[in-house]
Amino acid sequence: MNLGVDHPKAAVIAIDLHRGHLDMDVATMPTSPEVAKKVIAANRRLFGWCRENGIPVIHQITGYRDEAEIRANAFWRTRAEDPGNPRKNVMRHNILGGPGCTVIPELRDSCDWVVDTKKRYDCFLGTDLDFLLRSHGINTLLITGVNTNSCVLATTTAANVRDYAVIVVEDCVETMDGPELHKAGLACIRTAFGFVMDTDAVMGLGVLAAPKGAAA
């Protein structure tokens, strides 16, 4: 398959697979329990294959020092002031030191990398993600996580304009905003920003696995 790069070197960008979305006991902006269970299982399968094949997993974790860092976003402020909005808890979401900022334990391995300075939907904005990727020669991104129609879409767009090859792993992304917005996010991505394929298809891409013994 032609991914648009001569010699693909891949990494997983695992977006916000933390307790703030996926652990119903502590989540401030939760998916449904069914979505959480499904997306955790799918990512666990993909990550296992990636680790076995020399593809690094990079966890992106949203975290804020205080409410002021969240409230600076004009649109988010309007969501917090609407008691009927599903994102009404945004001002309490993933304040540093709280349990929501923790990656779901079964998805994290000691060999994984972590970028924990994410504060907006775009994982590149204000983080060292681009430096991390380029310093390791990575040119192809396998994007997973939540939410499909916000952080996944924004990060895919940002990766595209930085000239990375992007694959959004369809069964490994989900949203708290319902199936229609999940589908809409994927439609936007496959139209203009990157490939959309499921885990089985990704595993079938022989060009992604690192040579045995190669350093990440």
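This text goes with the structure placed above it.
As the structure is a computational prediction, the values presented were derived from the model and not from experiment.

**A short note on the overall build of the chain**
If you tally the helices and strands in the chain, you get eight helices and six strands. Listed by position from the N terminus, the elements making up the chain come as β-α-α-β-α-α-β-α-β-α-β-α-β-α. Rg of the C-alpha trace for the chain: 16 Å, near the compact-globule value of 17 Å for 216 residues, within the 12% margin. Seen through its C-alpha atoms, the chain measures out along the principal axes to roughly 50 × 35 × 30 Å. Split into buried and exposed, the 216 residues of the chain put 49% on the buried side. Within the chain, contacts between residues separated by at least 24 positions form 77% of all contacts whose residues are at least 6 apart in sequence.

**Some points on the pairing of strand β4 (residues 140–146)**
The element β4 is largely enclosed, with a buried count of seven among its seven residues. Burial along β4 is two-sided: the residues T140, L142, T144 and V146 and L141, I143 and G145 are all buried. Pairing between strand β1 (residues 10–15) and β4: six bridges, direction parallel. Paired with I15 across the two strands is G145, which belongs to β4. Bridge count for β4 against strand β5 (residues 165–174) is six bridges, and the pairing is parallel. Opposite V146, over in β5, you have E174 as the bridge partner. As a crossover connection, the stretch from β4 through helix α6 (residues 148–161) into β5 is right-handed.

**Here's the deal with the sheet that holds strand β3 (residues 113–118)**
Reading across the sheet, the six strands line up as β3-β2-β1-β4-β5-β6 and stay open at both edges, with parallel pairing between neighbours. The outermost strands of the open sheet, each flanked by one partner alone, are β3 and β6 (195–197). Between one strand axis and the next, the sheet turns through 25° on average, direction left out of account. The sheet contact formed by β5 and β6 spans three bridges and is parallel.

**Concerning the pattern of salt bridges**
Pairing of side chains with opposite charge becomes possible as their charged atoms draw close. Evaluation of the coordinates by the stated rule reveals 13 salt bridges. The salt bridge involving E81 is made with R71; its shortest N-O contact spans 3.4 Å. With E81 in the loop between α4 (74–80) and β3 and R71 in helix α3 (residues 67–71), this pair connects stretches of sequence that are 10 residues apart. Between R77 and E81 there is a salt bridge; the shortest N-O distance is 3.2 Å. Overlapping salt bridges, with partners in common, bring together E67, R71, R77 and E81 in one network.

Thresholds applied
Residues numbered from 1 in each chain as written. Predicted model: local features only at pLDDT ≥ 70, side-chain atom pairs only at ≥ 80, totals over all residues. Heavy atoms only, no water. Helix = DSSP H or I, 4+ residues; strand = E, 2+ residues; numbered from the N terminus. Rg over C-alpha atoms; globule rule 2.2 N^0.38 Å. Buried < 20%, exposed > 50% of the residue type's maximum accessible area, 1.4 Å probe, protein only. Contact = heavy atoms within 4.5 Å. Pairing = 2+ DSSP bridges. Right-handed = clockwise from strand over helix to strand, strands pointing away. Axes fitted to C-alpha atoms, helices over the stretch in contact; angles between N-to-C directions. Salt bridge = Lys/Arg side-chain N within 4 Å of Asp/Glu carboxyl O.

Such coordinate-based values are descriptive only and should not be taken to indicate function.
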